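Working through the structure, step by step
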Amino acid sequence: MIRRATVLFLAALLPLLAGAGQAQAAGYRYWSFWERDGSAWTYATVGPSLSRPADGDVQGFRFSVSEDSGDAAKPRGAAGFDTICAKTPAKDGTKRVALVIDFGTPGDAPSGEKPPAGRTACAQVAEDATTAEALASVAKPLRYDSNALLCAIAGYPAKGCGEQVATDGKDSSPTETAGTAGTAETAGTAEDDGGSGPSVGLIAGAAVVVVLGAAAVWQVRRRA
């Protein structure tokens with residue numbers, strides 16, 4: 001009888017624990033930085049303020065909600081250097097960098113904002129210019145946080161910076177910025193969420209465990 005009661009207890013508990021884990025899933029809303037390698041996009045290993053592209057390079061930015069670099073959305077649209085920089089002739093002392101800027105989808109946009117149409121631009125900058133400088137030459141205004149995390153391109157989004165959001169796209173109380181989760185730029189500053197206690201889901205789950213445990217014990221005693 002004890003074994004049967006234990007099995008019933010675990011069978012009832014597992015779905016609840018699984019649901020609690022799913023409720024904790026979250027991502028970050030931020031600008032990811034990409035480099036074009038032949039015909040494919042690769043996630044940049046350094047931020048745009050540290051990257052120094054060569055003449056003829058193609059780089060991209062994509063605004064989206066993602067959990068980490070492994071599932072980050074890639075820039076969309078034309079990505080060929082010859083196409084993007086066709087009307088920008090080479091010039092001594094400068095380099096040309098093709099940029100693809102994808103403002104993302106309405107589902108990834110912060111509440112009350114609408115993403116602009118994606119664009120491409122050919123930045124002609126000094127030979128030692130960084131990607132951040134190339135981007136600033138064609139897509140102002142840029143906005144950064146105090147830790148150099150890229151927050152906005154061409155003024156989008158108007159506010160927010162790498163905030164944590166639930167997987168359904170709704171804002172959640174952020175405990176860290178995208179920078180601290182390993183995005184393309186330097187670490188951002190953690191935002192205070194008003195407390196560090198256990199979540200409602202965990203509290204509810206613990207309460208259910210207590211109730212189910214008591215029920216199992218009662219069943220064992222009743223049938224003994």
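First, a word on what this report is: a plain description of the structure on this page.

Conventions used here
- Residues numbered from 1 in each chain as written.
- Predicted model: local features only at pLDDT ≥ 70, side-chain atom pairs only at ≥ 80, totals over all residues.
- Heavy atoms only, no water.
- Core = buried A, V, L, I, M, F, W, Y, C linked by side-chain atoms within 4.5 Å.
- Buried < 20%, exposed > 50% of the residue type's maximum accessible area, 1.4 Å probe, protein only.
- Helix = DSSP H or I, 4+ residues; strand = E, 2+ residues; numbered from the N terminus.
- Arc of directions from axis to C-beta.
- Contact = heavy atoms within 4.5 Å.
- Pairing = 2+ DSSP bridges.
- Salt bridge = Lys/Arg side-chain N within 4 Å of Asp/Glu carboxyl O.
- Disulfide = S-S within 2.5 Å.

Once that is clear, we can look at the nonpolar core. A general tendency of soluble globular proteins is for nonpolar side chains to be buried together. Trp31, Phe61, Leu99, Ile101, Leu135 and Ile153 are the most contacted members of the largest nonpolar core, which totals 19 residues. Of all the secondary structure elements, the ones that give two or more residues to this core are strand S1 (26–37), strand S3 (58–66), strand S4 (94–102), strand S5 (119–126) and helix H3 (131–138). Of the residues forming this core, the biggest block, three residues, is contributed by S4. Of all hydrophobic cores here, the second largest spans 14 residues; its members include Val58, Phe81, Val100 and Cys122.

With that settled, the discussion passes to H3. Buried residues of H3: Thr131, Ala132, Ala134 and Leu135, and no others. With its buried residues spanning 160° around the axis, H3 presents them on a single face. The secondary structure elements touched by the buried residues of H3 are S1, S3, S4, S5, strand S6 (143–144) and strand S7 (150–152).

On to the pairing of S3, then. Most of S3 sits inside the fold, with eight of its nine residues counted as buried. Here five bridges tie S3 to S4, and the two strands are oriented parallel to one another. Residue Arg62 lies in a different strand from S4, and its bridge partner there is Asp102.

With that out of the way, let us pick up the pattern of salt bridges. Tallied over the full model, the rule gives four salt bridges. Residues Arg96 and Asp55 are paired through a salt bridge, measuring 3.8 Å at the closest nitrogen-oxygen approach. A residue pair is termed long-range when its members are at least 10 positions apart, and Arg96 in strand S4 and Asp55 in the loop between strand S2 (40–43) and S3 qualify at 41 residues. Residue Arg96 is classed as buried on the basis of its relative accessible area, which comes to 14%. When the shortest N-O distance is used, the salt bridge between Asp102 and Arg62 registers 3.6 Å. With a gap of 40 residues between them, Asp102 in strand S4 and Arg62 in strand S3 connect regions that are remote in the sequence. Beyond isolated ion pairs, a larger network of salt bridges with shared partners links Arg62, Arg76 and Asp102.

Applying the stated criterion to the full structure yields two disulfides. With its sulfur 2.1 Å from that of its partner, Cys85 forms a disulfide with Cys122. Across the S-S bond linking Cys85 and Cys122, the dihedral sits near 105°, which makes this disulfide right-handed. Of the two residues, Cys85 sits in the loop between helix H2 (81–84) and S4 while Cys122 sits in strand S5, which places them 37 residues apart along the sequence.

Now for unusual backbone geometry. Across residues other than glycine, the phi torsion is negative in most instances, and most of the peptide bonds are trans. That bond from Lys140 to Pro141 is cis: its omega, -5°, falls within 30 degrees of zero. With respect to the helices, strands and loops of the structure, Pro141 is situated in the loop between H3 and S6. In this model, Ala148 sits at a positive phi of 70°, which is unusual for a non-glycine residue. With phi around 55°, Ala154 is a residue other than glycine that occupies positive phi space. Within the element layout of this structure, Ala154 appears in the loop between S7 and strand S8 (164–166).

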